[in-house]
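Reading the structure
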Amino acid sequence: MTEKLFLTDMESQKHNEYMALALRMAFGKLGVTSPNPAVGAVIVKNDTIISTGSTQAYGMDHAEVVALKNATGNLAGAAMYVTLEPCCHWGKTPPCTDAIIKAGITKVIIPALDPNPAVSGKGVKTLQQAGVEVVFLREFSQPAIDLIRPFKKSILQHRPFIIHKAAISLDGRTATATGDSKWITSPVSRLLVHRLRGCADTIIVGKATVEKDNPALTVRYNDFTHEDEKFYESRLYTVSGYSNSFISGLLELWKTDVTHDLKKIVIGLPKKLQDIKLAGDSNAYFFTTQKEKNDLFKRDDYAIIARLIESGHIQFLQSDSGVKQVHELLDILHTMGSMIAVLEGGATVAGSFFDSGEIDQCMYFYSPILVGRGKNVIEGKGRQFIHESMALHDVTSIFLGHDILVSGYKESYQFEAV
């Protein structure tokens, strides 16, 4: 790729302004576009922004096409800033490169290549062969890649990206010995969790959590006060460590209007489904084992179970071990279009995901309290030796008043040179 190495101060400032806007638009679509990546695009002509666009729901227009449709007038000679290499293949929609070339765009500025093997580098070559100049904005590679980590796992491994969220006491407990956990962390931290849910397409819990809390697993900003919101509006938090654009988005650019439906996944079949909120939720799915199927007709709530089985909201896993069940579940969720899943289950469920190697990001909210004997964060088989531990990379820590959020990834950010 031809890369422009030297920019004037004015050019650099403009580049940054336009690409930052495109990234904000991409963040605003997280959770909506799955299994496609959330992408933002900005069209500029004569140093003026004339159009913007972001990727729509799966099967609908990509960001580049939305921006082109939103534009008015002649686009010949215009430049497009887009947060990911434009696609050059037919999927649910036509290639974005064709639309860009047809519109007369003469320059495309990108910060990252598409990890999809069907595109990676080919979109750039298609544009260049048509006479479109491609500029690689290297200084925005990290923030752009942070937003597409889930897509990278989805497209390469065909499984959703798992974010393990937990509220933890300073001595490592998620609940007391009696199971009491409300509330370990402050409202400010819990508000951020709802912002996190707003960026996901799936929430995963175990049946024990459902039986104990009977949760709705929804995004509820109305549960919080203006003072909680003001904490973020006034930027009273302190961030250190890895500069993470996804975390920055949660802190600064969160979505007030969550328009997509979250899939709610329950591992195991809770007792007394007639009393469980999720049993009546069209977006909730229960996964249990095949060997438990024959005993279900004995339950008092079998009429509800039969209805959920017929509608596909109870499914049976064939695997007989926790690790294999996690892999089977994630394979199924991928076919359902899941790309970003928040794991909110208890220690047993978290242990199965940990043992299977399927936790991709940890977001642990620590509160300065001591509980003593209580519930752990992760159970399962664990690791026998410290040197076998799962090391976290690209770690960010945030002081949220009295609480501390620590975020880290299983894999580090990787810059892919062109």
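As a further point, take the overall build of the protein chain. In terms of helices and strands, the protein chain carries 12 helices and 17 strands. Computed over C-alpha atoms, the radius of gyration of the protein chain comes to 23 Å, within 12% of the 22 Å expected from 2.2 N^0.38 for 418 residues, which places it in the range of a compact globule. Structurally, the protein chain occupies a C-alpha span of about 70 × 45 × 45 Å along its principal axes. Put simply, the protein chain has 418 residues, and 51% of those count as buried. Once local pairs closer than 6 in sequence are excluded, the contacts in the protein chain between residues at least 24 apart make up 76%. Element-wise, carbon and sulfur atoms account for 51% of the exposed surface of the protein chain, whose accessible area totals about 19,200 Å². Each charge sign in the protein chain was given a centre, from 44 positive and 46 negative side chains, and these centres are 3 Å apart.

This part takes up the sheet that holds strand β8 (residues 202-206). Across the sheet, which stays open at both edges, the 10 strands sit in the order β9-β16-β17-β14-β6-β13-β8-β10-β11-β12 with mixed pairing between neighbours. With partners counted over all chains shown, the strands left at the sheet margins are β9 (238-241) and β12 (314-317), one partner each. Between one strand axis and the next, the sheet turns by 20 degrees as a mean value, whatever way the strands run. As defined by bridge partners, strand β11 (residues 284-289) adjoins β12 across four bridges and the pair is classed as parallel. Looking at β12, one finds that F287 is bridged to Q315. Where helix α12 (residues 347-355) meets the sheet, its contacts fall on β6 (161-169), β8, β10 (263-267) and β13 (340-343), and the angle it forms with β13 comes to roughly 130 degrees.

Here the focus is the packing of helix α6 (residues 187-198) against helix α9 (residues 245-252). For the pair α6 and α9, interaxial distance at closest approach is 9 Å and the crossing angle is 115 degrees. By crossing handedness, the relation of α6 to α9 is classed as right-handed. Between α6 and α9, the residues in contact are L192, R195 and L196 and F246, L250 and L251, respectively.

A word on the pattern of salt bridges. In the structure shown here, the tally under the stated rule is 16 salt bridges. Of the charged contacts in the structure, one is a salt bridge between R197 and E344, with a shortest N-O distance of 2.8 Å. Placement of R197 in helix α6 and of E344 in the loop between β13 and α12 is noted, with a sequence separation of 147 residues between them. The two residues R197 and E344 agree in class, both being buried. Put simply, D360 and K410 hold a salt bridge, and the shortest N to O gap is 3.9 Å. Highlighted residues: D360 in the loop between α12 and β14 (361-367) and K410 in the segment after β17 (403-409), separated in sequence by 50 residues.

Note that F151 resides in helix α5 (residues 141-157). For F151, a relative accessible area of 5% translates into the label buried. Counting along the chain gives 89 residues from F151 to S240, while the straight-line C-alpha distance between them is 26 Å. With sequence-adjacent residues up to four places away left out, F151 is seen in contact with P35, N36, P37, D114, P115, N116 and M339.

A few words on unusual backbone geometry. Residue P35 is reached from S34 by a cis peptide bond, and omega for that bond is 5 degrees. Here P35 lies in the loop between α1 (9-27) and β1 (40-45). Cis geometry marks the peptide bond from K182 to W183; its omega dihedral reads -10 degrees. As for its placement among the helices and strands, W183 is situated in the loop between β7 (175-176) and α6. The phi angle at H158 is positive, at roughly 60 degrees, despite the residue not being glycine. Structurally, the position occupied by H158 is in the loop between α5 and β6. Exposure remark for H158: the relative accessible area of 44% places this residue in the partly exposed category. Unlike most non-glycine residues, L217 shows phi in positive territory, near 55 degrees. Looking at where L217 falls in the secondary structure, it is placed in the loop between α7 (207-213) and α8 (226-233). With relative accessibility at 3%, the residue L217 sits in the buried group.

The rules behind each value
In this convention, every chain numbers its residues from 1, walking through the sequence in written order. Given that this is a predicted model, residues contribute local features only at a pLDDT of at least 70 and side-chain atom pairs are listed and counted only at 80 or more, while totals for whole chains, interfaces and linings are drawn from all residues. Values shown for side chains rest on all heavy atoms present in the structure; no hydrogens or waters enter the calculation. Strands are runs of DSSP state E lasting at least two residues, helices are runs of H or I lasting at least four, and both sets are numbered from the N terminus onward. For the radius of gyration, the atom set is restricted to C-alpha positions; the globular benchmark scales as 2.2 Å times the number of residues to the power 0.38. Partly exposed residues are those whose accessible area sits between 20% and 50% of the maximum for their type, while under 20% is buried and over 50% is exposed, using a 1.4 Å probe and protein chains only. Contacts are assigned to residue pairs that have any heavy atoms within 4.5 Å of one another. Shrake-Rupley sampling with a 1.4 Å probe provides the accessible areas, and residues are treated as covered by the protein chains on show and by no other component. The convention is simple: Lys and Arg are positive, Asp and Glu are negative, and His and the chain ends are not counted. By convention, the charge on Lys lies at NZ, on Arg at CZ, on Asp at CG and on Glu at CD. Should DSSP find at least two bridges between two strands, the strands are regarded as paired. All axes here are fitted lines through C-alpha atoms, helices being fitted over the stretch that makes contact, and every angle between N-to-C directions spans 0 to 180 degrees. Put simply, a crossing is left-handed when the front helix is turned counterclockwise from the back one by less than a right angle, and right-handed when it is turned clockwise. We define a salt bridge as a contact between a side-chain nitrogen of Lys or Arg and a carboxyl oxygen of Asp or Glu at a distance within 4 Å.

Treat this as a map of the structure, not an account of what it does.
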